[in-house]
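Residue-level structural notes
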Protein chains: 2
Amino acid sequence: MTIYNFSAGPAVLPKSVLKKAQAELLDYNHSGMSVMELSHRSKEFDDIIKGAESLLRDLMAIPDNYKVLFLQGGASTQFSMLPLNLAQGRKAYYVVAGSWGKKAYTEAVKLSQTIPFEPILLASSEETAYDHIPQVDSAKIDKDAAYVHITTNNTIEGTAIYNLPETNGLPIVADMSSNILAVRYNVADFGLIYAGAQKNIGPAGVTIVIIRDDLLNKEPVLSSMLDYRIQADSGSLYNTPPTYGIYMAKLVFEWLQELGGLDEMEKINREKSSLLYDFIDQSDFYTNPVKKTSDRSVANIPFVTPSKDLDAKFIAEADALGFKNIKGHRSVGGMRASLYNAFPRQGVLDLIDFMKKFEQENQ
Amino acid sequence: MTIYNFSAGPAVLPKSVLKKAQAELLDYNHSGMSVMELSHRSKEFDDIIKGAESLLRDLMAIPDNYKVLFLQGGASTQFSMLPLNLAQGRKAYYVVAGSWGKKAYTEAVKLSQTIPFEPILLASSEETAYDHIPQVDSAKIDKDAAYVHITTNNTIEGTAIYNLPETNGLPIVADMSSNILAVRYNVADFGLIYAGAQKNIGPAGVTIVIIRDDLLNKEPVLSSMLDYRIQADSGSLYNTPPTYGIYMAKLVFEWLQELGGLDEMEKINREKSSLLYDFIDQSDFYTNPVKKTSDRSVANIPFVTPSKDLDAKFIAEADALGFKNIKGHRSVGGMRASLYNAFPRQGVLDLIDFMKKFEQENQ
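Per an unreviewed UniProt entry, the recorded name for chain A is Phosphoserine aminotransferase, and the organism is Streptococcus macacae NCTC 11558. UniProt annotates chain A under Sequence similarities (unreviewed entry) with the comment "Belongs to the class-V pyridoxal-phosphate-dependent aminotransferase family. SerC subfamily."

1. Details of the overall build of chain A
Scanning chain A for helices and strands turns up nine helices and 13 strands. For chain A, whose C-alpha radius of gyration is 21 Å, the value lies close to the compact-globule estimate of 21 Å for 363 residues. In terms of overall dimensions, chain A has a C-alpha envelope of 65 × 60 × 30 Å along the principal axes. Across the 363 residues of chain A, 64% fall into the buried class. In chain A, 70% of the contacts between residues at least 6 apart in sequence involve partners at least 24 apart.

2. Remarks on the sheet that holds strand E10 (residues 207–212) of chain A
Residues and elements named next belong to chain A. Across the sheet, which stays open at both edges, the seven strands sit in the order E2-E10-E9-E8-E5-E3-E4 with mixed pairing between neighbours. Every interior strand has two partners, whereas the edge strands, strand E2 (66–71) and strand E4 (118–124), have only one. Across the sheet, the axes of successive neighbouring strands diverge by a mean angle of 20 degrees, strand direction being ignored. Where E2 meets E10, six bridges bridge the pair, whose relative direction is antiparallel. Following the sheet pairing, Leu 69 is matched in E10 by Val 209. In the packing of helix H2 (residues 43–60) onto the sheet, the strands contacted are E2, strand E9 (192–196) and E10, and the crossing angle to E2 comes to about 130 degrees. Across the sheet, helix H3 (residues 74–86) is in contact with E2, strand E3 (91–96), strand E5 (148–151), strand E8 (172–175), E9 and E10; its angle to E9 comes to roughly 155 degrees.

3. Some thoughts on the interface of chain B and chain A
Contacts between the two partners involve 61 residues from chain B, matched on the other side by 61 residues from chain A. When chain B packs against chain A, close to 4,800 Å² is buried across both sides, 59% of that on carbon and sulfur atoms. The tally of links between chain B and chain A comes to zero salt bridges. Summed over the shared surface of chain B and chain A, the result is 17 residue pairs in polar contact (both at pLDDT 80 or more). Breaking the side of chain B that touches chain A down by element, the ones donating at least two residues are helix H1 (15–23), helix H3 (74–86), helix H4 (99–112) and helix H6 (243–259) of chain B. A total of six residues in the side of chain B that touches chain A trace back to one element, the largest contributor, which is H1 of chain B. For the side of chain B that touches chain A, a count of residues per class yields 28 nonpolar, 24 polar and nine charged.

4. Notes on unusual backbone geometry
All names here are of chain A. Residue Gly 9 is joined to Pro 10 through a cis peptide bond whose omega torsion reads -10 degrees. Its place among the elements puts Pro 10 in the loop between strand E1 (4–5) and helix H1 (15–23). For Asn 168, which is not glycine, the phi torsion reads 55 degrees and is therefore positive. Along the chain, the position of Asn 168 falls in the loop between strand E7 (159–160) and E8. At Asn 325, a position not held by glycine, the phi torsion is positive, near 60 degrees. Along the polypeptide, Asn 325 turns up in the loop between strand E12 (323–324) and strand E13 (335–338).

5. Considering the UniProt feature "modified residue: N6-(pyridoxal phosphate)lysine" (unreviewed entry) in chain A
Residues and elements named next belong to chain A. Those residues carrying the UniProt feature "modified residue: N6-(pyridoxal phosphate)lysine" (unreviewed entry) are Lys 199 in this numbering. Structurally, Lys 199 can be placed in the loop between E9 and E10. Other than its neighbours up to four places away in sequence, Lys 199 contacts Ala 8, Gly 9, Ala 11, Val 12, Thr 155, Ser 177, Ser 178 and Tyr 340. One polar contact links the side chain of Lys 199 to the main-chain carbonyl oxygen of Ala 8, over a distance of 2.8 Å.

6. With respect to the pattern of salt bridges
All names here are of chain A. Taken as a whole and judged by the stated rule, the model has 30 salt bridges over all chains. Here Lys 143 and Asp 144 are joined by a salt bridge, their closest N and O atoms 3.9 Å apart. We classify Lys 143 as exposed; its relative accessible area is 58%. In this structure, the salt-bridge partner of Lys 250 is Glu 254, at a minimum N-O distance of 3.0 Å.

7. With respect to the packing of aromatic side chains
Summed over all chains, the structure comprises 43 aromatic pairs over all chains. Relative to Phe 343 of chain A, the ring of Phe 6 of chain A lies with its centre 4.6 Å away and its plane at 40 degrees, an arrangement referred to as tilted. With Phe 6 of chain A in the loop between E1 and H1 and Phe 343 of chain A in the loop between E13 and helix H9 (345–362), this residue pair connects regions lying 337 residues apart in the sequence. By relative accessible area, which is 0% here, Phe 6 of chain A ends up buried. The class of Phe 343 of chain A is buried, set by a relative accessible area of 2%. When the ring centre of Tyr 238 of chain B is taken as reference, the NZ or CZ atom of Lys 103 of chain A above it lies at 5.0 Å.

8. Looking at the domain arrangement of chain A
The extent of an interface is frequently quoted as the accessible surface area lost upon association of the parts. Residue and element names in this part refer to chain A. According to the domain assignment, chain A consists of domain 1 (16–258) and domain 2 (261–362). Centre-to-centre, using C-alpha coordinates, domain 1 lies 27 Å away from domain 2. Between domain 1 and domain 2, the residue contacts involve 25 residues of the former and 27 residues of the latter. Roughly 2,100 Å² of surface becomes buried between domain 1 and domain 2 when both sides are summed, with 53% attributable to carbon and sulfur atoms.

Rules used in this analysis
- Residues numbered from 1 in each chain as written.
- Chains lettered and ligands numbered in written order.
- Predicted model: local features only at pLDDT ≥ 70, side-chain atom pairs only at ≥ 80, totals over all residues.
- Heavy atoms only, no water.
- UniProt positions renumbered as here; feature names shortened; annotations may be inferred.
- Helix = DSSP H or I, 4+ residues; strand = E, 2+ residues; numbered from the N terminus.
- Rg over C-alpha atoms; globule rule 2.2 N^0.38 Å.
- Buried < 20%, exposed > 50% of the residue type's maximum accessible area, 1.4 Å probe, protein only.
- Contact = heavy atoms within 4.5 Å.
- Pairing = 2+ DSSP bridges.
- Axes fitted to C-alpha atoms, helices over the stretch in contact; angles between N-to-C directions.
- Buried area = accessible area lost by both parts, 1.4 Å probe.
- Salt bridge = Lys/Arg side-chain N within 4 Å of Asp/Glu carboxyl O.
- Polar contact = N/O pair within 3.5 Å; in protein donor to acceptor, adjacent residues only side chain to side chain.
- Nonpolar A, V, L, I, M, F, W, Y, C, P; charged D, E, K, R; others polar.
- Phe/Tyr/Trp six-rings, centres within 6.5 Å; stacked < 30°, edge-to-face > 60°.
- Lys NZ or Arg CZ within 6 Å of the ring centre and 35° of its normal.
- Domains from an automatic or database assignment.

Below, the structure is given as structure tokens:
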């Protein structure tokens, strides 16, 4: 039975990448050692981390005045690191268009009880269960504030921001965890981009931070591990980085480059998600809860049947046929198909066939 | 050529563990998915993380009133998390017997500029380049303070604490990164134990924290990711944990249990290190810089030849013969043999043969 993994993250990885990792698991590049056994100060690992950075710079066309950091702790750690480094003594704006954006804002509020800065909720679609991307009124933005925070893709709710808001000159800071390397953004339009690896980059445990160098903190913050300047100055080697995860990320970057790069990947992703959206739209049985089609995520596609009972039946039958992890997030219910970069087109076609059959049998 | 990896961390892993990881890299337990692709909320990963915890509890005989956390960020993140959670509004004592203990103290001082608590240097051997474990005067300890911090094994300097200091009733908090699971400690003698995985546990990117439950913070701290209580209440799943690293740790714990457990491992480790110490002690050519034999580390054995030029020659010749990463830490110089759990006894015998030959050729 073919297994299709629709997990929202950790998620499916390219088969060819896993095969390469498997082949050299005990002996990396004739070193006689596994990548997991390499010293992070060794020549071999230096090639891996610099290679990974160089590939990512190529893929995303990252300008020279941006640093690329390989950190730990996930996007959730960035929720605190970000204001700690960038916003002290100032205002910071948050656009909340989903559960993760809400978490970023809530963590900022928590931090502001100890660290002097002022997190401000600039726009939110929480009242309508995040069924659309809220409009930003740039007239409300104080140009002396630190940044405007957005989430480019809402993993749980299935929406995305493709056109960046007007911010009255403030840097945009973005959680790009669930659509980094899936669609093209212009890095120069951001002050800082961060992303957990476990959707389009590699295994969980690596966090990518891309930061414009003039935004690096001038003063040390309360912990060296949470200090962008220290991490940047040490080339992500302030302490032992997650070496194996960084190696896996490099393999994924190589795979993406061989496939044709980010623009080609976006084309493939848009075609995959269009297949599913088009099928849902023509059906009277399935519904996508996102309000405006222009806000739809290319990466995460939630949908429901006419009832919760049928949703549960759908998930059970799909699972038995090898469509794994298609259950929606517990906060939303229904189903969710996460179609990340490594998710194969054939999996979408097979899912649609099953959806047709299920619709016929349960109408 | 046989490769022996003397790296101080990331370090050698058991071959059988790497082989098992390799065999199931593309298909874990007939799931059709790699462990790296498993959702951290899946049944399969739940079995992995609970299995890893259960094995570690068995191996170290961790009492039921201790929580086991699988975190990210390395010991370096614990340097801040520890006082943030345990010491607010109080004193905290530091025994500095090596470079890492110094870092733990320095980070505490940095944090204390923002968070109200008072880090106190209780004892230090810095003046003599950490060539011994300093004595602790328990009469100096205020019994209302939060803890006494020690480093059980000094990776860089090659010393270790086997007999815990008197602390006037305060909990001992220990960085056990480089000898956890190498020698037996009584967990109940500690309030909190933490360790980066990359020596005796698995790949870099996992941090183990073992905390007595009455020490869990009553009040939230400034970041949820840095909050022991939140991490404990969510079973280390507050956000996506480093799933593959935790899986590797489980495999290493299984290997250790099959080998006979921690007491058997300690016996093997003591024999391995005795072989090398005995050889160094009988030689007029090689010297171990540690002052007292009772302070000697079982895990990390630094040594020098009569001159820096000969040290450099030794390292180059050793490297060419497959004795990798035997160069001492840049702050100390000379050589260092890290003989962690997975380092084979034969590697010590072969090293001694080479050392004899080198001594004869260069006397």
